[in-house]
Amino acid sequence: MEDLLTTSALRGHICFLQAVREASKADFAAALRRYVLVWLPRLARQGPSGATSGPDAHQLPPADVAWLWHCHRLAPVKYAEYCQSRFGGIVDPGPLTFRFFGDKAAEGAPKGDAEALEGSPGVAASLAEAGATFGAEKGEEELLQQLGYDLREASERQKSFLWQVSGPDYDDEAFLEAALDRYERFLRLMGRYGYRNHFWVPAYDVDLCWHSHMLLSTSRYLTETRELAGDVVDHDDS
């Protein structure tokens, strides 16, 4: 887990939340259609069957789609079940974790990479062409039922998480290192006392690590929580 979940990843998570907060206010129905009907299927096609390591890092989603993908992956069991049933394997983000088209990392990409996004092969271009009316024959409720998860409610709940992990402590290396250690002990406590025997509520620094672990790789999260907690640890933010 240590090679995946680092202080750099925690900082990247917070930066993503800061950068994407306006996208969380976008037209939900249009973003949902583009996420379900374009983004995830395209992502799945770019990797091998089964769990993928993620597509090319230059193929970034627009912010509103990245936000819904973020919220969906925060329900790791539901996300894994949907990917398995729809695509035959878990679609992991790989180099796209905490990235979206137009963020600072993308703006710093070489010109050739930016042009690739604007051409017909680019994911951002495909989603832009889809427009707000793409897939309008599929209603929001139908798509949410297909996902098996209420992504609208999840999106509303997650909008406030940034403010829970803001402040100078969350830019302090020693604080973040301690948070990672506390998160691992949190999982081991579940293993000791029974994940299913209690309702586990973490402190905010531990919650940041927990969310980041889920978001970096659903496949590894499911495996590593089983190893550390003795069971697959689901996430219920309701």
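Thresholds applied
Residues numbered from 1 in each chain as written. Predicted model: local features only at pLDDT ≥ 70, side-chain atom pairs only at ≥ 80, totals over all residues. Heavy atoms only, no water. Core = buried A, V, L, I, M, F, W, Y, C linked by side-chain atoms within 4.5 Å. Buried < 20%, exposed > 50% of the residue type's maximum accessible area, 1.4 Å probe, protein only. Contact = heavy atoms within 4.5 Å. Helix = DSSP H or I, 4+ residues; strand = E, 2+ residues; numbered from the N terminus. Phe/Tyr/Trp six-rings, centres within 6.5 Å; stacked < 30°, edge-to-face > 60°. Axes fitted to C-alpha atoms, helices over the stretch in contact; angles between N-to-C directions. Parallel < 35°, antiparallel > 145°, perpendicular 65-115°, else oblique. Nonpolar A, V, L, I, M, F, W, Y, C, P; charged D, E, K, R; others polar.

1. What to know about the nonpolar core
In this structure, L32, Y35, L151 and Y183 are the most contacted members of the largest nonpolar core, which totals 70 residues. Here L32 is in contact with L68, E140, L143, L144, L147 and L151, once residues within four sequence places are set aside.

2. Remarks on unusual backbone geometry
A positive phi is found at F98, a non-glycine position, where the angle reads about 60 degrees. Along the chain, F98 turns up in the loop between α4 (76-87) and α5 (104-107).

3. Points about the packing of aromatic side chains
Tallied over the full model, the rule gives seven aromatic pairs. Relative to F98, the ring of F16 has its centre 6.2 Å away and its plane inclined at 50 degrees; by these criteria the two rings are tilted. Pair noted here: F16 is in helix α1 (residues 7-20) and F98 is in the loop between α4 and α5, with a separation of 82 residues, a long-range link. Each of the two residues, F16 as well as F98, counts as buried.

4. Some thoughts on the packing of helix α2 (residues 28-45) against helix α3 (residues 63-73)
Taken N-terminus to C-terminus, the directions of α2 and α3 make an angle of 75 degrees; their axes are 9 Å apart at the nearest point. By the angle between their directions, the pair α2 and α3 is classed as roughly perpendicular. Counted together, F28, A31, L32, R34, Y35, W39, L40 and L43 of α2 and D64, V65, L68, W69 and H72 of α3 form the full contact between these two elements. Considering only residue class, the contact of α2 with α3 consists of 10 nonpolar, one polar and two charged.

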